[in-house]
Amino acid sequence: MAMREHDVARSELRWTAVVSAFVIVTMAFTLFAALALHRNPPSNLERIDPKTLHLSGEFTESNLGTRVEANGQVTTRIVATQFTFVPRCVVVPEGQEVTLRLASPDVIHGILVTGTNVNTMVVPGYVSQVHTVFRSTGDLLMPCHEFCGLGHSQMLARLRVVPREQFRPDAQGRASCGPE
Ligand code: CUA
């Protein structure tokens, strides 16, 4: 018993409507998440030459760690390298927006700060940037979470969150964990 052409067309139209509705709902959720909840894929596309990043510019050793810019913005710069983070400990103030900027001179590393929403890959050739606010004080572990070689499991650093009144940058705006 063959379907009549009319029935086939109706069936196809019904499926077109179902699929269109699904696509529209999915797009609406995506737009809602992006615009209202600010959930976006990493979009900070910023290149840096992994071969020379230690020689000049932002990621030279003397510029690493936490620094308060002239406008009050707190920026922490870290180099992820086989098999350590430089510096091994960084200090940040509680309850204030902090920008983490990371770069790698060798292979892909990953960084996360335990108990927070900080979690990003560090890919050679690009600067990884995360904005966050740390809500409680204390030392947080910051391990590498991307297998990067034989020393991967030893690759970790600490992030120290201190109350605002104990966060005292020096005259150049720099703050460090101090002698260990
Ligand atoms: Cu660096 Cu694993």
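Residues numbered from 1 in each chain as written. Predicted model: local features only at pLDDT ≥ 70, side-chain atom pairs only at ≥ 80, totals over all residues. Heavy atoms only, no water.

**Student:** Can you walk me through unusual backbone geometry in this structure?
**Tutor:** Peptide bonds are trans in most cases, and residues, glycine excluded, mostly fall at negative phi. In this structure, the amide linkage connecting Gln-82 to the following residue, Phe-83, adopts the cis form with an omega of 0°. You can see Phe-83 is positioned in the loop between strand E2 (74-81) and strand E3 (84-86). With omega at -5°, the peptide bond leading from Val-86 into Pro-87 counts as cis. Along the chain, Pro-87 turns up in the loop between E3 and strand E4 (89-93). (Helix = DSSP H or I, 4+ residues; strand = E, 2+ residues; numbered from the N terminus.)

**Student:** How should the sheet that holds E4 be read in this particular structure?
**Tutor:** The strands making up a sheet are joined through hydrogen bonds of the backbone, oriented either antiparallel or parallel. In space, the three strands of this open sheet follow the order E4-E10-E9, with mixed pairing throughout. Because the sheet does not close on itself, it has two edges, and the strands there are E4 and strand E9 (138-143). Between one strand axis and the next, the sheet turns through 25° on average, direction left out of account. Here five bridges tie E4 to strand E10 (residues 156-162), and the two strands are oriented parallel to one another. Bridge assignment links Val-91 to a residue of E10, and that residue is Arg-160. (Pairing = 2+ DSSP bridges. Axes fitted to C-alpha atoms, helices over the stretch in contact; angles between N-to-C directions.)

**Student:** Before we go on, may I ask you to explain the nonpolar core in this structure?
**Tutor:** Across soluble globular proteins, nonpolar side chains show a tendency to be buried alongside one another. Ranked by internal contacts, the top residues of the largest apolar core, which has 28 residues, are Phe-85, Leu-100, Phe-134, Met-142 and Leu-159. When residues no more than four places from it in sequence are discounted, the contact partners of Phe-134 are Val-92, Glu-94, Gly-95, Gln-96, Val-98, Val-113, Thr-116, Val-118, Leu-140, Leu-159 and Val-161. Counting residues in hydrophobic clusters, the runner-up holds seven residues, among them Ile-48, Phe-59, Leu-64 and Ala-103. (Core = buried A, V, L, I, M, F, W, Y, C linked by side-chain atoms within 4.5 Å. Buried < 20%, exposed > 50% of the residue type's maximum accessible area, 1.4 Å probe, protein only. Contact = heavy atoms within 4.5 Å.)

**Student:** Even after reading the chapter, I still don't get the pairing of strand E8 (residues 128-133), so can you show me in this structure?
**Tutor:** The side chains of a regular strand alternate, first on one face of the sheet and then on the other. Of the two faces of E8, the one holding Ser-128, Val-130 and Thr-132 is buried and the one holding Gln-129, His-131 and Val-133 is not buried anywhere. With six bridges connecting them, strand E5 (residues 97-103) and E8 associate as antiparallel partners. Of the residues in E8, the one forming a bridge with Glu-97 is Val-133.

**Student:** Looking at this model, I keep getting lost on the pattern of salt bridges. Mind explaining?
**Tutor:** As a working rule, side chains carrying opposite charge can pair if their charged atoms are close by. Under the criterion given, the structure shown has eight salt bridges. Across the pair Glu-46 and Arg-101 runs a salt bridge whose closest N-O atoms are separated by 2.6 Å. With Glu-46 in the loop between helix H1 (5-35) and strand E1 (65-68) and Arg-101 in strand E5, this residue pair connects regions lying 55 residues apart in the sequence. The partly exposed category is assigned to Glu-46, whose relative accessible area is 25%. The exposure class assigned to Arg-101 is buried, which follows from its relative accessible area of 8%. Arg-160 is the salt-bridge partner of Asp-139, the closest N and O atoms lying 2.9 Å from each other. With a gap of 21 residues between them, Asp-139 in strand E9 and Arg-160 in strand E10 connect regions that are remote in the sequence. (Salt bridge = Lys/Arg side-chain N within 4 Å of Asp/Glu carboxyl O.)

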